[in-house]
Amino acid sequence: WTSDAGASVSGDTVSASMTVAGEVWTCSAVASDGTDTASDGADVTIESACYFGTVCDDSTDLGNGIGIDWSLIPAGSDPLGRYTLTNDFYMMTTEVTQGMFYELMGYETHTYNTTYGVGTDYPVYYVDWHMAADFANQYTARYNNENGASLSECYTCSGTGASVTCGNAITPYQCTGYRLPTDAEWEFA
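A brief report on the enclosed structure follows. Residue positions are given per chain, counted from 1 along the sequence in the order it is written. Reporting in this predicted model follows two pLDDT cut-offs: at least 70 for local features of residues, and 80 or more for side-chain atom pairs to be given and counted; totals over whole chains, interfaces and linings ignore these cut-offs and use all residues. Note that water and hydrogens are dropped before the side-chain values are worked out from all heavy atoms of the structure.

### Focus: the nonpolar core
Heads up, the condition is: Nonpolar core, defined: a set of buried Ala, Val, Leu, Ile, Met, Phe, Trp, Tyr and Cys residues in which side-chain atoms within 4.5 Å join the residues together. Categorising residues by exposure relies on relative accessible area from a 1.4 Å probe, with only protein chains included: less than 20% of the type maximum marks a residue as buried, more than 50% marks it as exposed, and the intermediate range marks it as partly exposed. A run of DSSP states H or I qualifies as a helix once it reaches four residues; a run of E qualifies as a strand once it reaches two. Both are numbered from the N-terminal end. Residues are treated as being in contact if the distance between any of their heavy atoms lies within 4.5 Å.
Core analysis: the largest hydrophobic core is formed by 21 residues, its most contacted members being Leu62, Ile68, Met100, Phe101, Met105, Tyr139 and Tyr155. Looking at this core, the elements that each hand over two or more residues are strand S5 (66-73), helix H1 (98-105) and helix H2 (129-147). The greatest single-element share of this core, amounting to five residues, is contributed by H2. Sequence-distant contacts of tyrosine 139, that is, excluding residues within four places in its chain, are made with Thr60, Leu62, Ile68, Trp70, Leu104 and Tyr178. Counting five residues, the second-largest nonpolar core is a separate cluster that includes Tyr83, Leu85, Phe89 and Met91.

Have a look at this one:
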């Protein structure tokens, strides 16, 4: 695979994190039986680097075709004048899906009897605040591992799975890692 921007990848998959909307990727294949050689190619235009087919400002590949889309929320004031957010922040464009949760955490939370939908793109069910905080910490650890970064975990957690208990390690605006939005950020977004 080669892109018109100069990137290249070997293998059958190009990670979504390597693509940009409007970019053209060319797949070239060469076959040989030892005597004769043939080659062919095809172009693919990237419609969106976002996983959910909507507009996003960034996306993260979690593997197995699962990803997270992010939108930048600029700082601003509440229309009712109750608060002012002084920092820009990123927020996921969707709820955490069952696929995202399983890919990052390695366990399913919807193993209980449920009448709700079950599947990769359905929202994750039966997650409490502690499990959500643990998800944010695990995402921070994954980001650090893949990018050689040293973002701080925003929560102190003990235990695993549905038995995890977490507390705030750092106040939200002092934490450099991934965290849950504050009430004001959630409302503003």
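### Quick notes on the state of the cysteines
Filter applied, for reference: Pairs of cysteine sulfur atoms within 2.5 Å are what we label disulfides.
Following the criterion strictly, the structure yields three disulfides and no others. Here cysteine 154 pairs with cysteine 175 through a disulfide, and the sulfurs are 1.8 Å apart. Because the torsion about its S-S bond is -90 degrees, the bridge between cysteine 154 and cysteine 175 counts as left-handed. Placement of cysteine 154 in the loop between H2 and strand S9 (155-158) and of cysteine 175 in the loop between strand S10 (165-168) and helix H3 (183-188) is noted, with a sequence separation of 21 residues between them. Each member of the pair, cysteine 154 as well as cysteine 175, is classed as buried. Bridging cysteine 157 to cysteine 166, the disulfide has an S-S length of 2.1 Å. Here cysteine 157 and cysteine 166 share a disulfide; its torsion about the S-S bond, 110 degrees, makes the bridge right-handed. Taking the relative accessible area as the measure of exposure, cysteine 157 reaches 31% and is therefore partly exposed. Each disulfide of the protein joins two cysteines, and with those cysteines numbered along the sequence the arrangement is 1-2, 3-6, 4-5.

### Observations concerning the sheet that holds strand S4 (residues 58-63)
To summarise the sheet geometry, strands pair through backbone hydrogen bonds and adopt either a parallel or an antiparallel arrangement. The line we're drawing: At least two DSSP bridges between two strands are needed for those strands to be called paired. To obtain an axis, a line is fitted to C-alpha atoms, over the contacting stretch when the element is a helix, and the angle between two such axes runs from 0 to 180 degrees between their N-to-C directions.
The strand order across the open sheet formed by three strands is S4-S5-S8, and the pairing between neighbours is antiparallel. Here the strands that pair on one side only, and so sit at the sheet edges, are S4 and strand S8 (89-92). Each strand of the sheet is rotated relative to its neighbour by a mean of 30 degrees, with strand direction disregarded. Note: S5 against S8, four bridges, orientation antiparallel. When the bridges of S8 are listed, leucine 72 appears paired with tyrosine 90. Those strands touched by H1 are S4, S5 and S8, and its axis lies near 110 degrees from that of S5. Here H2 sits on the sheet and contacts S4 and S5; the angle it forms with S4, its principal contact strand, is near 90 degrees.

### Some thoughts on the environment of glycine 159
Checked against the element boundaries, glycine 159 lands in the loop between S9 and S10. Glycine 159 sits in the exposed class, given a relative accessible area of 51%. Placed 25 residues apart in sequence, glycine 159 and aspartate 134 show a C-alpha to C-alpha distance of 9.8 Å.

What is shown is where atoms sit, not what they do.
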